[in-house]
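As a plain string of letters, each chain reads:
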Amino acid sequence: MILSGHDLTIGYTDRVVGTHIDVSVATGSVLALLGPNGGGKTTLLKTLLGLIPPKAGEVRLDGQTLSARSIRERARAIAYVPQTHIATFAFPVESVVLMGRTAHGTMFSRPGTRDRAVAAAALQRLGIDHLATRPYTMISGGERQLVLLARALAQEPAFIVLDEPTASLDFGNQGKVMAEIRALAAAGLGVLFTTHDPNHALRIADRALLLRDGQRIGEGAVRDVLTRPELERLYGAPVEEIYDKHKTAFLPGAVTLPPRAIPD
Amino acid sequence: MTRSALPGFLIATGVLLLGVVVAFSVGRYPVSMIDLLRSLLGKLTGEPSGLAPAIETVIWQIRGPRVLAAVVVGAALAIAGTAFQGLFRNPLVSPDILGASSGAALGAVFGIFLSLGVFAIQALAFVGGLIAVGAVYAVGSAVRSRDPILVLVLTGVVIGSLLGAGVGLLKYLADPYNQLPAMTFWLLGSLAAAHAADLVPVIAPVAAGALVLFVLRWRMNAMSLPDEEARALGIATGPLRVAIVAAATLTTSASVAVAGIVGWVGLVVPHLARALVGPDFARLIPASTILGAGYLLLIDTLARTIAPVEVPLGILTAVIGTPFFIWLLARVQKTWS
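Residues numbered from 1 in each chain as written. Chains lettered and ligands numbered in written order. Predicted model: local features only at pLDDT ≥ 70, side-chain atom pairs only at ≥ 80, totals over all residues.

Peer 1: Where do I start with the overall build of chain A in this structure?
Peer 2: When helices and strands are counted, chain A shows 9 helices and 12 strands. Expressed along its principal axes, the backbone C-alpha trace of chain A runs to roughly 65 × 50 × 35 Å. Sorting the 264 residues of chain A into buried and exposed places 44% on the buried side. Here the analysis covers contacts within chain A between residues at least 6 apart in sequence; of these, 65% occur between residues at least 24 apart. (Helix = DSSP H or I, 4+ residues; strand = E, 2+ residues; numbered from the N terminus. Buried ≥ 20, exposed ≤ 12 C-beta atoms within 10 Å, placed from the backbone. Contact = placed C-beta atoms within 7 Å.)

Structural data, given as C-alpha cells:
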C-alpha cells in the first residue's frame with residue numbers, strides 16, 4: 001500500500017505554507033522529513049493525515065483519494081503520533097492506549113474484549129505493560145512517547161505518522177524510540193516521521209525528503225540525499241561530516257575549539 | 001480499567017441516600033426515620049399509614065417536590081459540568097461557560113419584568129439559555145481559528161457579559177418594590193419555590209440531555225484530547241461537539257429555569273467524582289450524576305435549616321465553591337503543569 005501526495009499545495013485557510021510537493025511512502029518502509037523550522041514539515045504531515053485539506057493537489061491512499069474516505073476509515077489506515085504533551089486529565093495509561101480503538105467502534109459503542117486485548121498487546125509489544133495502570137500525567141517524557149506509539153499501534157493502521165518523535169527525549173530514549181520505529185517498518189507498517197537530526201534519519205529511515213520554505217528540495221535514499229552539501233543547502237548553515245568505514249554522521253555548525261593541552 | 005470503581009460508586013450512592021433521608025427528616029417540622037418508612041410503606045401498599053395528616057403533607061407535598069428538584073438540578077448541573085470540563089479540556093470550567101446561565105438569567109428577569117406567571121418565567125429562562133449558547137456557538141464557529149475551543153470560551157465570556165448588561169438594565173428599570181426583590185431572589189438561586197407541577201416540564205429536557213451525554217461517554221475521553229489528535233483517532237469532532245454542547249445546555253438551562261442561578265455545583269462535583277472513580281469519562285459521567293444529586297440535596301437541606309430565614313442556595317454553593325476553587329488552582333499548578 002502507498003500513501004502519497006501529488007503536487008500538493010499545503011497550508012491553512014489564510015496562509016499557503018508549501019507548494020508543488022510530491023511525497024510517497026510505502027508500507028514496510030520509513031521516510032524521514034527534514035527541514036528548518038517553519039519549512040512546512042508539520043503542515044505536510046497533517047495534510048497527509050487528512051487533518052487539513054490540501055489547497056491544491058491530492059493525497060492518495062492505496063491509489064484512492066484520501067478525502068473520499070470517512071474520518072473513521074482514515075483513522076483505521078493512518079495513525080498519528082503527535083509531539084508529546086501533558087494531558088489535562090490523569091487518565092491511566094491503558095485508557096490512553098484504548099483511545100486508539102475509537103475508530104474501530106461506533107459513536108456509542110463501548111470498548112470490547114478484543115479492543116482491550118489489542119491495547120494490551122500494543123503495550124506489551126513496546127515493553128511498557130508495567131505502566132498500564134499508572135496515570136499518563138505521572139510518567140516520564142520517554143514513556144509518554146512510547147504510550148502514544150502504543151495508542152497508534154492499537155489503531156491497527158497501515159501507516160504511522162510521527163511528529164518529531166525523538167525531540168524532547170533523553171539520549172537513551174531517543175535510541176529506544178528509533179529502534180521501535182524501525183521494528184514497525186520491519187513488521188510491515190509504513191512510517192513517516194519528522195526530525196531535526198539528520199543522524200536519526202540516517203539511522204532508521206530508508207528515504208528522506210528535504211523541505212525548505214515549503215519547497216521540496218531533495219528526495220531519495222538517505223545515503224544519496226543526506227550529504228554535507230545537501231544539508232548545508234537545506235539549513236543554510238555549515239555542517240561537518242564524519243566518516244568511518246561503514247557509517248557517516250553529521251555535526252552541526254563549524255566550530256573551532258581553542259587549542260588546548262591534550263593529556264596523553 | 002482493571003481497578004474497580006465500585007467503592008467510588010458506593011460512596012456516591014451513599015451520599016445520595018444520606019441526602020434523601022436527611023432532607024426528608026430535618027426542618028422546622030422534624031420527621032423521624034420510622035415515620036418516613038411508615039409513610040413510604042403506606043404509599044407502596046396503599047394501606048393507611050396511621051400517621052398524622054400533617055406529617056404526610058410535610059413528607060409528600062412540601063419536602064418531596066423539593067427533594068426531587070434538588071436531585072434533578074444537582075444531577076443536571078454535575079453531568080453538564082463534567083461534559084464541559086472534558087470538552088474544553090479544562091478542569092476549571094463550569095456548565096455556564098457558554099452563557100447558558102446568563103442567557104437564562106436574562107430570560108427570567110425579562111419574564112419577571114413583564115410580570116408573567118411562574119411557568120412563563122421558567123420557559124423564558126429555558127429559552128434564554130438555549131438562545132445564548134446558540135449565539136455563542138454561531139459566533140464561535142464563524143470565527144475561523146485553529147483553536148476552536150479557545151474561541152468558543154472567549155465568545156462565551158463576551159456574550160455572557162453582554163447578557164449581564166441586559167440583566168442590569170432590566171433590574172435598573174424594574175419596579176423596586178415588586179419586581180426587583182423577585183429578580184434578586186431568582187438570581188441568587190433557590191429551590192424554595194419548587195412545586196411538583198413545575199417539575200414535570202423540567203425533567204424531560206434534563207433526562208434527554210443526560211441520556212445523550214450518557215451514551216456518548218465512551219467518546220468523551222478522546223474528545224478531551226486536542227482537536228486534531230481526536231480527529232486522527234477517527235472522531236468527527238465537529239458534530240460530536242455540537243451534540244455534547246446541545247445536551248449539556250439542555251440540562252443546564254432546564255435546571256436554571258427551575259432553581260435560578262445555582263453556581264459552582266457543576267465545577268465542584270466533577271472533581272469530587274474524579275477523586276472517587278478516576279478521570280475516565282465512562283465512569284465519571286454516571287458517578288458525578290449520582291454525586292451531584294446528593295451534593296445539592298445536602299446543600300439545599302443546609303440552606304433551609306442553618307438559619308431562621310432560608311439562605312439562598314446560590315450563596316451557599318458559592319461559599320463552599322470559592323475556597324474549593326482556590327484550592328484547585330493551587331493544586332493544578334503543582335500537578336498539571
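Okay, back to it.
Peer 1: Where do I start with the overall build of chain B in this structure?
Peer 2: Helix and strand content of chain B: 14 helices and 0 strands. Of the regular secondary structure in chain B, the N- to C-terminal order runs α-α-α-α-α-α-α-α-α-α-α-α-α-α. Computed over the C-alpha atoms, the radius of gyration of chain B is 20 Å, within 12% of the 20 Å expected from 2.2 N^0.38 for a compact globule of 337 residues. Within chain B, the proportion of its 337 residues that are buried is 49%. Considering only residue pairs separated by 6 or more positions, chain B has 76% of its internal contacts joining residues 24 or more positions apart. (Rg over C-alpha atoms; globule rule 2.2 N^0.38 Å.)

Peer 1: Even after reading the chapter, I still don't get unusual backbone geometry, so can you show me in this structure?
Peer 2: Residues and elements named next belong to chain B. Phi at R89 takes a positive value of approximately 50 degrees, unusual for a residue other than glycine. Mapped onto the elements of the fold, R89 is located in the loop between α3 (53-87) and α4 (100-113). Take R89: there are 17 C-beta atoms within 10 Å of it, and that puts it in the partly exposed class. One non-glycine residue, W264, adopts positive backbone phi at about 75 degrees. Mapped onto the elements of the fold, W264 is located in the loop between α11 (237-259) and α12 (265-277). Taking the C-beta count within 10 Å as the criterion, W264 has 21 such neighbours and is therefore assigned buried.

Peer 1: What exactly am I supposed to notice about the interface of chain A and chain B here?
Peer 2: When the parts come together, some accessible area is lost, and that loss is often what is quoted as the size of the interface. The partner chain B presents 28 residues to the 28 residues of chain A that form the contact. Here the element with the most residues in the side of chain A that touches chain B is helix α2 (residues 71-77) of chain A; it accounts for 4 residues. Here the side of chain A that touches chain B is built from residues that sort into 15 nonpolar, 8 polar and 5 charged. (Nonpolar A, V, L, I, M, F, W, Y, C, P; charged D, E, K, R; others polar.)

Peer 1: What exactly am I supposed to notice about the sheet that holds strand β3 (residues 30-34) of chain A here?
Peer 2: Where strands meet in a sheet, backbone hydrogen bonds hold them as pairs that are either parallel or antiparallel. All names here are of chain A. Pairing within the open sheet is mixed, and its 6 strands lie in the order β6-β7-β8-β3-β9-β10. Edge positions in the open sheet fall to β6 (78-81) and β10 (215-221), since each of these has one partner strand only. Mean inter-strand twist for the sheet, computed between neighbouring axes without regard to direction, equals 15 degrees. Two elements, β6 and strand β7 (residues 159-162), share 4 bridges in a ladder whose sense is parallel. Looking across to β7, one finds that V81 is bridged to L162. Helix-sheet contacts for helix α5 (residues 141-154) involve β6 and β7, and the interaxial angle to β6 is about 170 degrees. (Pairing = 2+ DSSP bridges. Axes fitted to C-alpha atoms, helices over the stretch in contact; angles between N-to-C directions.)

Peer 1: Please explain the sheet that holds strand β1 (residues 2-12) of chain A as it appears in this structure.
Peer 2: Residue and element names in this part refer to chain A. Read across the open sheet, the 4 strands follow the order β2-β1-β4-β5; overall the sheet is antiparallel. Because the sheet does not close on itself, it has two edges, and the strands there are β2 (15-26) and β5 (64-65). Across 2 bridges, strand β4 (residues 56-61) lies against β5 in antiparallel orientation. Looking at β5, one finds that L61 is bridged to Q64. The strands that helix α1 (residues 41-49) touches are β1, β2 and β4; relative to β1, the one it contacts most, it runs at about 125 degrees.

Peer 1: Help me understand α1(A) in this model?
Peer 2: An α-helical turn contains 3.6 residues, so any two residues separated by three or four positions project in the same direction. The element α1(A) is extensively covered by neighbouring structure, given that 8 of its 9 residues are classed as buried. Three or more residues of α1(A) are buried, namely A:K41, A:T43, A:L44, A:L45, A:K46, A:T47, A:L48 and A:L49.

Peer 1: How should the pairing of β10(A) be read in this particular structure?
Peer 2: Put simply, side chains in a regular strand alternate between the two faces of the sheet. Residues and elements named next belong to chain A. Where strand β9 (residues 207-212) meets β10, 6 bridges bridge the pair, whose relative direction is antiparallel. Residue pairing across strands places L211 opposite R216, the latter belonging to β10. Turn length for the β9-β10 hairpin, with the two strands adjacent in sequence and antiparallel, is 2 residues, and the turn residue D213 shows positive phi of about 50 degrees.

Peer 1: How should I be thinking about the packing of helix α2 (residues 33-45) of chain B against α3(B) in this particular structure?
Peer 2: When two helices pack together, you describe them by how their axes are tilted relative to each other and by the distance separating the axes. Residues and elements named next belong to chain B. Contact pair α2 / α3: the axes reach a minimum separation of 11 Å and the direction vectors enclose 80 degrees. When the interaxial angle is binned, α2 and α3 end up roughly perpendicular. Contacts from D35, L36 and S39 in α2 reach I55, E56 and I59 in α3. Taken together, the residues of the contact of α2 with α3 break down into 3 nonpolar, 1 polar and 2 charged. (Parallel < 35°, antiparallel > 145°, perpendicular 65-115°, else oblique.)

Peer 1: Where do I start with the packing of α3(B) against α11(B) in this structure?
Peer 2: All names here are of chain B. Orientation of α3 relative to α11, taken along the N-to-C sense of each, is 150 degrees, at an axis distance of 9 Å. Judged by the inter-axis angle, α3 sits roughly antiparallel to α11. Judged by the sense of rotation from one axis to the other, the crossing of α3 with α11 is left-handed. Facing α3, whose interface residues are A69, V72, V73, A76, L77, I79, A80, A83, F84 and L87, α11 presents R241, I244, A248, T251, T252, A254, S255, V258 and A259. Of the residues that constitute the contact of α3 with α11, the class distribution is 15 nonpolar, 3 polar and 1 charged. (Left-handed = near helix turned anticlockwise from the far one by under 90°.)

Peer 1: Help me out: how do you make sense of the environment of A:L45 in this one?
Peer 2: All names here are of chain A. Locating L45 in the fold gives a position in helix α1. Sequence separation of L45 and F193 is 148 residues, and the distance between their C-alpha atoms is 8.3 Å. Each residue touching L45, except ones within four places of it in the same chain, is listed here: V161, D163 and T194.

Peer 1: What should I look at first to understand the environment of A:E58 in this one?
Peer 2: Residues and elements named next belong to chain A. Within the fold, E58 resides in strand β4. Sequence separation of E58 and L48 is 10 residues, and the distance between their C-alpha atoms is 9.3 Å. Sequence-distant contacts of E58, that is, excluding residues within four places in its chain, are made with H6 and T65.

Peer 1: I'm lost on the environment of B:F113 in this one. Help?
Peer 2: Residue and element names in this part refer to chain B. Mapped onto the elements, F113 comes out in helix α4. Judged by the 19 C-beta atoms lying within 10 Å of it, F113 falls in the partly exposed class. Every residue in contact with F113, bar those within four places of it in the chain, is listed here: L170, A174 and Q179.

Peer 1: I keep staring at the pairing of β9(A) and nothing clicks. Help me out?
Peer 2: Residues and elements named next belong to chain A. Within β9, 5 of the 6 residues are buried, which leaves it mostly tucked inside the rest of the structure. Across 4 bridges, β3 lies against β9 in parallel orientation. By the bridge assignment for β9, A32 is matched with A208.

Peer 1: What am I meant to see in α5(A) here?
Peer 2: Residue and element names in this part refer to chain A. Helix length check: α5 (14 residues) gives 20 Å between terminal C-alpha atoms against 20 Å at 1.5 Å per residue, within 8%. Across the 14 residues of α5, 11 count as buried, placing the element largely inside the fold. The set of residues buried in α5 consists of R144, Q145, L146, V147, L148, L149, A150, R151, A152, L153 and A154. In the core, the buried residues of α5 are packed alongside β6, α3 (93-98), α4 (113-125), β7 and α6 (171-186). (Expected span 1.5 Å × (residues − 1).)

Peer 1: Explain the confidence of the model for chain B to me, please; I cannot follow it from the model alone.
Peer 2: As a general rule, the predicted coordinates of low-pLDDT regions are not to be interpreted in detail. When pLDDT is averaged along chain B, the result is 89; 97% of the residues meet or exceed 70. Quick note on the complex model: pTM equals 0.89, ipTM equals 0.91. (pLDDT = per-residue confidence, 0-100.)

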